[in-house]
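Letter by letter, the chains look like this.
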Amino acid sequence: MVVPDLTGKPVRVFPSEAKKGVVVFFVLAECPIANAFAPEMTRIANAYGKRGWKFYLAYTEQPAASHHRDFGFTFPGLVDRTGDLRRFAGATVSPEAAVFSPMGGILYRGRIDDGYYGLSQKRAVRVHDVRLALDALSSGKRAPAGRTQAIGCVLPK
């Protein structure tokens, strides 16, 4: 699958040269919940990128480039205008994570963590779902949960 990056250059997402797999965070630039998760998405990408995982931030709309810069993301952004990547992953809200094998098989899809349990209801994080999935998958095991329910802004169909 090929999706343009923030400059319009085509990026081959699958198959990937990533040793472990590919993680895509689906976001809307105007979604306050996604924006609240920006630091955690960057921390995850920085920590697990060193362990063989490739990370992308997938936008469905503009202003992707300015949002990507303003929130300090350290991993590449994609603009999924057609929605092909979003539909392939089954993502429905922003933010939502999808973890894929290098060939594009879905290994986990859902929330980043359980800090939000409603649109305006936040609590201390108890379960770091994406980190748990990546830890397990990095060790050759299955993700503890293949799917979780993400809370956030609805992505366009």
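Computed from a predicted structure; not experimentally measured. (Residues numbered from 1 in each chain as written. Predicted model: local features only at pLDDT ≥ 70, side-chain atom pairs only at ≥ 80, totals over all residues. Heavy atoms only, no water.)

## Description of empty space enclosed by the protein
So, point 1. Taken as a whole and assessed by the stated rule, the structure comprises 1 cavity of 30 Å³ or more.
So, point 2. Looking at the largest cavity, the residues that line it are Phe 37, Pro 95, Arg 111, Ile 112, Asp 113, Tyr 116, Gln 149, Ala 150 and Ile 151.
So, point 3. Counted by class, the lining of the largest cavity contains 6 nonpolar, 1 polar and 2 charged residues. (1 Å grid on protein atoms, 1.4 Å probe; cavity = no way out; pocket = protein on both sides within 12 Å on 5 of 7 lines; lining within 4 Å. Points joined across faces, edges and corners; volume = space filled by probe spheres on them. Nonpolar A, V, L, I, M, F, W, Y, C, P; charged D, E, K, R; others polar.)

## Examining the packing of helix 1 (residues 32-49) against helix 4 (residues 129-138)
So, point 1. Where helix 1 contacts helix 4, the two axes come as close as 11 Å, and the packing angle between them is 10 degrees. The orientation of helix 1 with respect to helix 4, classified from their angle, is roughly parallel. You can see that helix 1 and helix 4 cross each other, and the crossing is right-handed. In this structure, helix 1 contributes Glu 40, Arg 43, Ile 44 and Tyr 48 to the contact, and helix 4 contributes Val 130, Arg 131, Leu 134 and Asp 135. (Axes fitted to C-alpha atoms, helices over the stretch in contact; angles between N-to-C directions. Helix = DSSP H or I, 4+ residues; strand = E, 2+ residues; numbered from the N terminus. Parallel < 35°, antiparallel > 145°, perpendicular 65-115°, else oblique. Left-handed = near helix turned anticlockwise from the far one by under 90°. Contact = heavy atoms within 4.5 Å.)

## Re helix 1
So, point 1. Compared with an ideal rise of 1.5 Å per residue, which puts 18 residues at 26 Å, helix 1 spans 25 Å between its outermost C-alpha atoms and is within 8% of the ideal.
So, point 2. Where helix 1 bends most, the angle comes to about 45 degrees, and this point is Ala 38, followed within four residues by the proline Pro 39.
So, point 3. For helix 1, the complete set of buried residues consists of Ile 33, Ala 34, Asn 35, Phe 37, Ala 38, Glu 40, Met 41, Thr 42, Ile 44, Ala 45 and Tyr 48.
So, point 4. Next to the buried residues of helix 1 lie strand 3 (21-27), strand 4 (53-59), helix 2 (64-70), strand 6 (93-94), strand 9 (116-118) and helix 4. (Expected span 1.5 Å × (residues − 1). Bend = angle between axes of the 7 residues up to and from the residue. Buried < 20%, exposed > 50% of the residue type's maximum accessible area, 1.4 Å probe, protein only.)

## Considerations on the environment of Ala 98
So, point 1. Along the chain, Ala 98 turns up in strand 7 (residues 96-100).
So, point 2. Along the chain, Ala 98 and Gly 146 lie 48 residues apart, while their C-alpha atoms are 10.0 Å from each other.
So, point 3. Discounting chain neighbours no more than four positions away, the residues touching Ala 98 are Val 22, Val 23, Val 24, Phe 26, Ala 89, Ile 106, Tyr 108 and Arg 109.

## Quick look at the packing of aromatic side chains
So, point 1. In this structure the tally under the stated criterion is 8 aromatic pairs.
So, point 2. With centroids separated by 5.9 Å and ring planes inclined at 20 degrees, the aromatic side chains of Phe 88 and Phe 100 adopt a geometry described as stacked. Highlighted residues: Phe 88 in helix 3 (residues 84-89) and Phe 100 in strand 7, separated in sequence by 12 residues.
So, point 3. What makes Phe 88 partly exposed here is its relative accessible area of 43%.
So, point 4. Members of the aromatic cluster, joined through ring pairs, are Phe 25, Phe 55, Phe 73 and Phe 75. (Phe/Tyr/Trp six-rings, centres within 6.5 Å; stacked < 30°, edge-to-face > 60°.)

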